[in-house]
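Each chain, letter by letter, is given below.
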Amino acid sequence: MNSAPQPPSPEFMREAIELSLTNMQAGRGGPFGAVVVKDGQIIARGFNQVTSTNDPTCHAEVDAIRKACQALGTFQLAGCDLYTSCEPCPMCLGAIYWARPARVFYANTKADAAAIGFDDQFIYDEIDKPLAERQLPMQQFLREEALVSFQAWAARENRIDY
């Protein structure tokens, strides 16, 4: 018999919010925090460290996902919930989908983030444009050479699909 999903936990969201505040105040990065929860326990905490690590991908959600996967010894977060202090940006949303948690809960909205200078709308707009119309030039070349690795992957019998 399947039990009903648990409602969101204010305790876990407050932990994500606290991470966003304390790490921002410590000068580690922007005001964003996240926790990954499995079986009612926090298994990983993450916070934005873009400016302190000079890593534009070190957002709270990505940091928490990396730590949770390491703690669990897997590349997917089946059965886990992600609590994040803000609605995920496009990069984090992509990482979340790849990690496959059961649910995501967020506090601040992307509009709240835009109001303080974290505006990702241009990325959403760029994704919808044809490649030739995007601000960042993209050009395909050497496809035939690159296809060799894809063909080898497709033929590999002992691959781990994800």
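You'll find the structure just up there.
Residues numbered from 1 in each chain as written. Predicted model: local features only at pLDDT ≥ 70, side-chain atom pairs only at ≥ 80, totals over all residues. Heavy atoms only, no water.

K.L.:
Report on the nonpolar core, specifying residues and quantitative values.
P.N.:
Generally speaking, nonpolar side chains in soluble globular proteins are found buried as a group. Ranked by size, the top nonpolar core spans 16 residues in total, and within it Ala-34, Val-36, Ile-65, Ala-68, Leu-77 and Leu-82 carry the most contacts. Those elements giving two or more residues to this core turn out to be strand 1 (33-38), helix 3 (60-72), strand 3 (80-86) and helix 4 (90-99). Take this core: its biggest share by element is 5 residues, from helix 3. Other than its neighbours up to four places away in sequence, Leu-82 contacts Ala-34, Val-35, Val-36, Glu-61, Ile-96, Arg-103, Val-104 and Phe-105. If you look at the next biggest cluster of nonpolar residues, it comprises 9 residues, including Phe-12, Met-13, Ala-16 and Leu-19. (Core = buried A, V, L, I, M, F, W, Y, C linked by side-chain atoms within 4.5 Å. Buried < 20%, exposed > 50% of the residue type's maximum accessible area, 1.4 Å probe, protein only. Helix = DSSP H or I, 4+ residues; strand = E, 2+ residues; numbered from the N terminus. Contact = heavy atoms within 4.5 Å.)

K.L.:
Give a description of the sheet that holds strand 2 (residues 41-47) that names residues and reports values.
P.N.:
Within the open sheet, the 4 strands sit side by side as 2-1-3-4. Their pairing is mixed. With one partner strand each, in any of the chains shown, strand 2 and strand 4 (103-108) form the two edges of the open sheet. Neighbour to neighbour, the strand axes of the sheet diverge by 15 degrees on average, direction disregarded. Note: strand 1 against strand 3, 5 bridges, orientation antiparallel. Within strand 3, the residue paired with Ala-34 across the bridge is Thr-84. Relative to strand 2, helix 3 is tilted by about 140 degrees, and along the sheet it contacts strand 1, strand 2 and strand 3. (Pairing = 2+ DSSP bridges. Axes fitted to C-alpha atoms, helices over the stretch in contact; angles between N-to-C directions.)

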